[in-house]
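# Structural overview for review
Given next are the chains, with one letter for each unit.
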Amino acid sequence: MTDTDISTAPVVRLTGGTAALGGRPVLRGVDLKVGPGEVVALLGANGSGKSTLVRTLVGLVPLTGGSIDLFGTPYAKFKDWSRIGYVPQRTTAAAGVPASVREVVASGRLTRRRMFGLSREDRAAVDEALTAVGMLDRAGDGIANLSGGQQQRVLIARALARRPDLLIMDEPMAGVDLANQEILAETLRRQQEEGRSVLLVLHELGPLEPLIDRAVVLRDGCVCHDGAPPPATGQHALPGHDHVHPHADDHHHRVTPGLLS
Ligand SMILES: Nc1ncnc2c1ncn2[C@@H]1O[C@H](COP(=O)(O)OP(=O)(O)OP(=O)(O)O)[C@@H](O)[C@H]1O
């Protein structure tokens with residue numbers, strides 16, 4: 001397999017990415033690769049640059065240096081945005097939007113080519129996505145009347161309705177209770193089974209831990225770990241408890257305790 005073959009190329013390849021916000025460097029030379037069918041977790045402390053990184057991938061923050069390829073295509077030439085589903089961090093979306101749950105999810109199906117009217121396939125995809133996040137019975141409700149966790153599930157459904165080949169989610173579990181985290185984990189498991197790629201910003205692995213193929217940890221705008229998911233903080237993070245994670249069969253990265261602290 002070569003990365004130049006478009007069908008087997010990484011779905012995301014960021015090389016030497018730098019970005020600044022408010023004149024301050026936030027990404028300082030980040031390399032990130034997500035392979036076809038891979039589920040990658042992006043971890044790191046508050047302010048380490050995780051959201052900024054995923055925002056550069058979807059065009060919300062410009063790179064000041066480095067390059068991005070999506071599905072083997074240089075960023076400037078990439079047009080196939082319907083292949084990517086993006087779930088922003090919850091605080092940046094949904095509040096005050098006067099739309100129903102179904103309208104928000106259906107907006108995930110809109111393309112520049114066809115702005116009006118949903119096809120039968122569109123409607124099926126919307127229902128399927130609403131069912132996946134357990135919100136079909138709330139389809140007619142106003143989004144502003146939902147709880148924060150329910151709004152989050154609607155935004156996830158909006159991204160799923162695109163049936164994306166790459167799903168990028170920024171802290172999808174924030175504000176979602178444990179029962180619904182399990183539902184979302186199941187949804188992700190199905191994505192994975194269908195060979196779709198997922199890039200997740202997470203604070204902790206939680207119920208998603210078994211699904212994660214690889215973890216990339218940012219610290220102060222740089223990658224400080226790329227390999228097996230680091231052990232949960234807690235007793236594993238106690239001094240002297242550094243170990244090689246049992247999943248690290250092909251990497252054997254030595255994991256620094258308290259990587260996320
Ligand atoms: N609009 C902005 N203007 C200036 N600085 C910003 C802006 N947004 C974020 N930053 C700064 O950029 C840095 C990285 O922020 P970012 O949101 O990417 O971090 P994060 O790792 O996603 O954090 P969290 O886990 O808290 O969401 C932080 O120091 C933050 O203060």
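Cut-offs used in this document
- Residues numbered from 1 in each chain as written.
- Predicted model: local features only at pLDDT ≥ 70, side-chain atom pairs only at ≥ 80, totals over all residues.
- Pairing = 2+ DSSP bridges.
- Helix = DSSP H or I, 4+ residues; strand = E, 2+ residues; numbered from the N terminus.
- Near = placed C-beta within 6 Å.
- Nonpolar A, V, L, I, M, F, W, Y, C, P; charged D, E, K, R; others polar.
- Buried ≥ 20, exposed ≤ 12 C-beta atoms within 10 Å, placed from the backbone.
- Contact = placed C-beta atoms within 7 Å.
- Right-handed = clockwise from strand over helix to strand, strands pointing away.

## Considerations on the sheet that holds strand E5 (residues 73–74)
Spatially, the 4 strands line up as an open sheet ordered E2-E1-E4-E5, and their pairing is antiparallel. Pairing within the sheet leaves two strands with one partner each, and these edge strands are strand E2 (24–34) and E5. Across 2 bridges, strand E4 (residues 65–70) lies against E5 in antiparallel orientation. Bridge pairing in E5 links Leu 70 to Thr 73.

## Focus: the site of the ligand
Taken together, Leu 21, Gly 22, Arg 24, Val 26, Gly 44, Asn 46, Gly 47, Ser 48, Gly 49, Lys 50, Ser 51 and Thr 52 are the residues near the ligand. Sorting the residues of the shell around the ligand by element identifies E2 and helix H1 (50–57) as the ones contributing at least two each. Ranked by residue count, the leading element in the shell around the ligand is H1, at 3 residues. The residue inventory of the shell around the ligand, partitioned by class, reads 2 nonpolar, 8 polar and 2 charged.

## Some details on the environment of Leu 42
Turning to its location among the elements, Leu 42 is positioned in strand E3 (residues 39–44). Judged by the 26 C-beta atoms lying within 10 Å of it, Leu 42 falls in the buried class. The sequence separation of Leu 42 and Gln 151 amounts to 109 residues, and the corresponding C-alpha distance is 22 Å. Not counting chain neighbours up to four residues away, the residues in contact with Leu 42 comprise Lys 50, Leu 53, Val 54, Leu 199, Leu 200, Val 201, Val 216 and Leu 218.

## Overview of the pairing of strand E7 (residues 166–170)
Summarising burial for E7: 5 of the 5 residues are buried, a large majority. Side chains Leu 166, Ile 168 and Asp 170 of E7 all project onto a buried face; the interleaved residues Leu 167 and Met 169 project onto the opposite face, where all are buried too. Bridge count for strand E6 (residues 84–87) against E7 is 4 bridges, and the pairing is parallel. Looking at the pairing, Val 87 lines up with Met 169 of E7. The pairing of E7 with strand E8 (residues 197–201) spans 5 bridges and is classified as parallel. From the neighbouring strand, Leu 167 faces E8, where its bridge partner is Val 198. Tracing the backbone out of E7, into helix H5 (residues 178–193) and back to the parallel element E8 gives a crossover that is right-handed.

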